[in-house]
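Here is how the chains run, residue by residue.
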Amino acid sequence: MPPGITTLAADAPTLSAANTGFMLICSALVMLMTPALAFFYGGMVRVKSTLNMLMMSFISLGIVTILWVLYGFSLAFGTDAGSIIGWSQDFVGLSGIGVTELWDGYTIPVYVFAVFQLMFAVLTPALISGALADRVKFTSWALFITLWVTVVYFPVAHWVWGAGGWLFELGVIDFAGGTAVHINAGAAALGVILVIGKRVGFKKDPMRPHSLPLVMLGAGLLWFGWFGFNAGSWLGNDDGVGAVMFVNTQVATAAAMLAWLGYEKLRHGSFTTLGAASGAVAGLVAITPAGGAVSPLGAIAVGAIAGVLCAMAVGLKYKLGYDDSLDVVGVHLVGGVVGSLLIGFFATGGVQSDAKGLFYGGGLDQLGKQAVGVFAVLAYSLVVSAILAFLLDKTIGMRVEEDDEVSGIDQVEHAETAYDFSGAGGGAASRTAPPAPGTTAAPTNKKVDA
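Everything numeric here is computed off the predicted structure, so don't read it as measured data.

A. View of the packing of aromatic side chains. What the rule picks out here adds up to 26 aromatic pairs. For the pair Phe73 and Phe77, a centre-to-centre distance of 5.9 Å together with 40 degrees between the ring planes defines the contact as tilted. Here Phe77 and Phe73 lie together in helix H2 (residues 50–77), a separation of four residues that amounts to about one turn. Taken individually, Phe73 and Phe77 each receive the classification buried, so the pair is uniform in this respect. For the ring pair Trp159 and Tyr380, a centre distance of 5.0 Å and an interplane angle of 55 degrees mean the geometry is tilted. Of this pair, Trp159 sits in helix H4 (residues 138–161) while Tyr380 sits in helix H13 (residues 365–395), and the two are 221 residues apart along the sequence. With a relative accessible area of 8%, Trp159 lands in the buried category. A relative accessible area of 25% places Tyr380 in the partly exposed class. Among the aromatic residues, those joined into a cluster by ring pairs are Trp68, Tyr71, Phe73, Phe77, Phe91, Trp103, Phe113, Tyr153 and Phe154.

Rendered as structure tokens:
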């Protein structure tokens, strides 16, 4: 029997219907986050790239699900091999798992744990897509996802959460994915954009969001789904830790949104809708690793610090010259780093573990561990992702042709457009005065601007 499975023996945990139901609901909430991300990103791009942006997130649901069943769950959570990777034959194809078998030490079935972790694996590569808007071939993107989850996400998930993984054994705290999800995706995004280059017109043409209501819808759904993402990561609801994480998720997100808006007002003179949505996401990212280690007051600090630092970081792309289309680096990489490192300062030692941060008498020990985890994942993901992008670019090509990028990637890659304006003329015509009785309306060649 591979690690992670325990049978229903008399002295073993027994299946909890309450925890099982709770975790299935949390899994569904995390699944919702990928379409929510598609809306969030889809509203931030120009009209001509909307469908491509939606599809770059949505396709991850298909690709990663199949890979997870075939071998991903085994690589991430199977029997440890050298603290680097896992492998358990019973997990391959999910073929050797019984219905009544429980995840080791918990009261939920292995199937429930597997599907919950699957949703994390689906979301993570979708996060990368926001940095690559407007310019990547869809076939190349699909192949990149396949390769990236195999050689980056599955091993890193084992490092951080797998029994025997080297960061897990070191004592790095990552409650729900600050390193494995957000730093991993943000560093990968940076690696890829350094290889494929900038969009046509970067820093010259206005590239404003085409639908801020769509952005707000996506942000709201992300906020909602994130409760499953974070509170569910304790794998049950028996000791109150998940409840603390739920509260801290709300508190940090609120603080980050307010901090981002405050910075934006002082720096640019306005409270923007995009700033509110981005600030909320920055807070969600930062509290993801830290929420099980800090108090609600600590969560306010984590959120506020992340809100300001992420708001500052999104402008770096213009100064440093890398084209991170939708600020994946500025929000997810920076937010993940901030949230992970602040555990070393704000961990109380009274929630998920007894590890204490500097401000609670724990010295610098936990901060050092967090720094190792942060920079190990960042460096590995950055380098390997850049190599994958380089190989794909030199073989099948990563970017669409320049003319196709200018005309619109939706039509080129998907033979569709996000909005059909063919009927807009009727509405415009109805606003003109009717011809006088007994006369004929003069013909017009004036084109209605939809």
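On we go from here.
B. Spotlight on unusual backbone geometry. Of note in the backbone geometry, Leu94 takes a positive phi value of approximately 50 degrees without being a glycine. Structurally, Leu94 is set in the loop between strand S3 (85–86) and strand S4 (102–103). Overall, the relative accessible area of 16% leaves Leu94 in the buried class. The phi dihedral of Leu235 is positive, around 65 degrees, even though this residue is not glycine.

Basis of the calculations
- Residues numbered from 1 in each chain as written.
- Predicted model: local features only at pLDDT ≥ 70, side-chain atom pairs only at ≥ 80, totals over all residues.
- Heavy atoms only, no water.
- Phe/Tyr/Trp six-rings, centres within 6.5 Å; stacked < 30°, edge-to-face > 60°.
- Helix = DSSP H or I, 4+ residues; strand = E, 2+ residues; numbered from the N terminus.
- Buried < 20%, exposed > 50% of the residue type's maximum accessible area, 1.4 Å probe, protein only.

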